[in-house]
Amino acid sequence: MVKKNDFFIFNNVVCELYRCRTYADLGRYFLPMLKLLVPFRYASIMRNQEQDGRVHLIDPLCHPPEFAEAEQNYMRFADDDDTGWLSLCRESTIFRESDLVGEQQRLRSTIYQKCYQPYDIYDSLQCGSVSHSRPLGTLSLFRCREDGPFTDQELFLVRSMTLHLNQQMAVLVDKEHRLSPLAMVDLAAVAAKYGLTARETQLLELLTRFRNNHEIAEVLQVRGSTLQKHFQNMFRKLGVTSRWEIMRLLLEMDPRS
């Protein structure tokens, strides 16, 4: 049962979450407030980005800010993470790492030794942010051994918070895209210059919104094999071999020329 004090703090944290106007604000304002509800030693929020058909966690927002060094290292060794599947889940998932991975395995892992050992981290609470089956990123809270484990009550509070985090994360990640240079590209002009079909133009727009293959197939209502054919045709017309070459092309070109 939620204590009365926790209830008031929870409401304040939710209000602070919805006051965030940019993705970076989640690190500046939301994480420090969340610490009042669920104490932690370190915390981070990272968002998903697909590259060459694989999903990667990028843009770590950390509290305290100096913890960013650990998460920058994590991005280098993410393939060795036993819990890396969290960023691919299409339903919001939350767990204590110690409930899934034994202590010896955890402390001997490459991720721990290369990223978290210098911070004396012992356990973490991991939460996947998902909106309408679209994986957005992860929220991670970390504790040292002397801090004690995350309790079931704290797990419940974070799970309840993710109902709001998922919604706000989707808004802020999409806003981040709209403010990016890719949002300023005239895709109709690009399509006309390279002879793209309407379907290929739609595919191009979804790529600039950093949608993954599963999401694109759902929007276009096509099978994976059909989607790959659309990719191949578009790559051939644009003279590229990957989606990231498309991004570079769009950023470097003047589509009106």
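Data block above holds the structure.
It should be emphasised that the depicted structure is a prediction, and the values quoted were computed from it without experimental measurement.

## A look at empty space enclosed by the protein
Right, on to step 1. In the structure shown here, the tally under the stated rule is 2 cavities of 30 Å³ or more.
Right, on to step 2. Looking at the largest cavity, its volume works out to about 330 Å³.
Right, on to step 3. Asp81, Thr83, Glu97, Ile111 and Gln126 are, among the 27 residues lining the largest cavity, the residues nearest its centre.
Right, on to step 4. Secondary structure elements with two or more residues in the lining of the largest cavity: helix H3 (68-77), helix H5 (103-108), helix H6 (110-116), strand S4 (121-131) and strand S5 (134-144).

## Some remarks on the state of the cysteines
Right, on to step 1. For the coordinates displayed, the defined rule picks out 0 disulfides.
Right, on to step 2. Free of any disulfide, Cys115 has its nearest neighbouring cysteine sulfur in Cys62, separated by 12 Å.

## Considering the packing of aromatic side chains
Any two aromatic rings considered together are summarised by their centre-to-centre distance and by the angle between their planes.
Right, on to step 1. Tallied over the full model, the rule gives 9 aromatic pairs.
Right, on to step 2. Seen in terms of ring centroids, Tyr116 and Phe142 are 5.0 Å apart; in terms of plane orientation they differ by 40°. Their pairing is tilted. Separated by 26 residues along the polypeptide, Tyr116 in helix H6 and Phe142 in strand S5 bring together distant segments of the chain. The burial state of Tyr116 is the same as that of Phe142; both residues are buried.
Right, on to step 3. Aromatic rings pair up to connect Tyr42, Phe67, Tyr116, Tyr119 and Phe142 into one cluster.
Right, on to step 4. Stacked on the ring of Tyr122, the Lys or Arg Arg106 has its end atom at 4.9 Å from the ring centre.

## Let's talk about the packing of helix H10 (residues 213-220) against helix H11 (residues 224-238)
Right, on to step 1. Packing of H10 against H11 leaves a shortest axis separation of 10 Å and a crossing angle of 100°. Put simply, H10 runs roughly perpendicular to H11. For the pair formed by H10 and H11, the contact residues are Asn213, Ile216, Ala217 and Leu220 on the first element and Leu227, Gln228 and Phe231 on the second.
Right, on to step 2. The residue makeup of the contact of H10 with H11, split by class, is 5 nonpolar, 2 polar and no charged.

## Notes on the nonpolar core
Right, on to step 1. In this structure, Leu26, Phe30, Leu34, Leu37, Ile45, Leu139 and Leu141 are the most contacted members of the largest nonpolar core, which totals 33 residues.
Right, on to step 2. For this core, the secondary structure elements donating two or more residues are helix H1 (4-19), helix H2 (25-37), strand S1 (42-51), S4, S5 and helix H7 (152-178).
Right, on to step 3. When sequence neighbours within four positions are dropped, the list of residues in contact with Ile45 reads Tyr23, Leu26, Phe30, Leu31, Asp59, Pro60, Leu61, Thr138, Leu139 and Met169.
Right, on to step 4. The next biggest cluster of nonpolar side chains, apart from the first, holds 24 residues, and it includes Val185, Leu204, Leu207 and Phe231.

## A few points about the layout of surface pockets
Right, on to step 1. Taken as a whole, the largest pocket encloses approximately 330 Å³ of empty space.
Right, on to step 2. Along its surface, the largest pocket is lined by 15 residues, and Arg54, Val55, His56, Ala78 and Asp79 are the ones closest to its centre.
Right, on to step 3. Mapped onto the lining of the largest pocket, the elements with two or more residues apiece are strand S2 (54-63) and H3.
Right, on to step 4. Of all the elements, S2 adds the most residues to the lining of the largest pocket, at 5 residues.
Right, on to step 5. A class-by-class count of the residues in the lining of the largest pocket yields 8 nonpolar, 3 polar and 4 charged.

## A look at the pattern of salt bridges
Right, on to step 1. Throughout the structure, instances matching the rule amount to 11 salt bridges.
Right, on to step 2. Note that Glu146 and Arg41 form a salt bridge whose closest N and O atoms lie 3.6 Å from each other. With a gap of 105 residues between them, Glu146 in the loop between S5 and H7 and Arg41 in the loop between H2 and S1 connect regions that are remote in the sequence.
Right, on to step 3. Look at Glu146 and you get exposed, because its relative accessible area is 57%.
Right, on to step 4. With a shortest N-O distance of 2.8 Å, Arg96 and Asp99 are connected by a salt bridge.

## Regarding the packing of helix H9 (residues 198-208) against H11
Right, on to step 1. Relative orientation of the contacting elements H9 and H11 amounts to 90°, with a least axis distance of 10 Å. With respect to H11, the axis of H9 lies roughly perpendicular. Residue-level contacts link Arg199, Glu200, Leu203, Leu204 and Leu207 of H9 to Leu227, His230, Phe231, Asn233, Met234 and Lys237 of H11.
Right, on to step 2. For the contact of H9 with H11, a count of residues per class yields 6 nonpolar, 2 polar and 3 charged.

## Some thoughts on H10
Right, on to step 1. If you check which residues of H10 are buried, you get Glu215, Ile216, Ala217 and Leu220.
Right, on to step 2. Of the surrounding secondary structure, the elements contacted by the buried residues of H10 are S5, H9 and H11.
Right, on to step 3. Of the residues flanking the end of H10, it is Gln221, one or two places downstream, whose phi is positive at about 55°.

## With respect to the side chain of Asp174
Right, on to step 1. Counting through the fold element by element, Asp174 comes out in helix H7.
Right, on to step 2. Asp174 gets classed as buried once you look at its relative accessible area, which sits at 16%.
Right, on to step 3. A distance of 3.0 Å separates a polar atom in the side chain of Asp174 from a polar atom in the side chain of Arg134.
Right, on to step 4. When neighbours within four sequence positions are excluded, Asp174 is seen to be in contact with Arg134, Arg209 and Arg211.

So, how was this worked out
Residues numbered from 1 in each chain as written. Predicted model: local features only at pLDDT ≥ 70, side-chain atom pairs only at ≥ 80, totals over all residues. Heavy atoms only, no water. 1 Å grid on protein atoms, 1.4 Å probe; cavity = no way out; pocket = protein on both sides within 12 Å on 5 of 7 lines; lining within 4 Å. Points joined across faces, edges and corners; volume = space filled by probe spheres on them. Helix = DSSP H or I, 4+ residues; strand = E, 2+ residues; numbered from the N terminus. Disulfide = S-S within 2.5 Å. Phe/Tyr/Trp six-rings, centres within 6.5 Å; stacked < 30°, edge-to-face > 60°. Buried < 20%, exposed > 50% of the residue type's maximum accessible area, 1.4 Å probe, protein only. Lys NZ or Arg CZ within 6 Å of the ring centre and 35° of its normal. Axes fitted to C-alpha atoms, helices over the stretch in contact; angles between N-to-C directions. Parallel < 35°, antiparallel > 145°, perpendicular 65-115°, else oblique. Contact = heavy atoms within 4.5 Å. Nonpolar A, V, L, I, M, F, W, Y, C, P; charged D, E, K, R; others polar. Core = buried A, V, L, I, M, F, W, Y, C linked by side-chain atoms within 4.5 Å. Salt bridge = Lys/Arg side-chain N within 4 Å of Asp/Glu carboxyl O. Polar contact = N/O pair within 3.5 Å; in protein donor to acceptor, adjacent residues only side chain to side chain.

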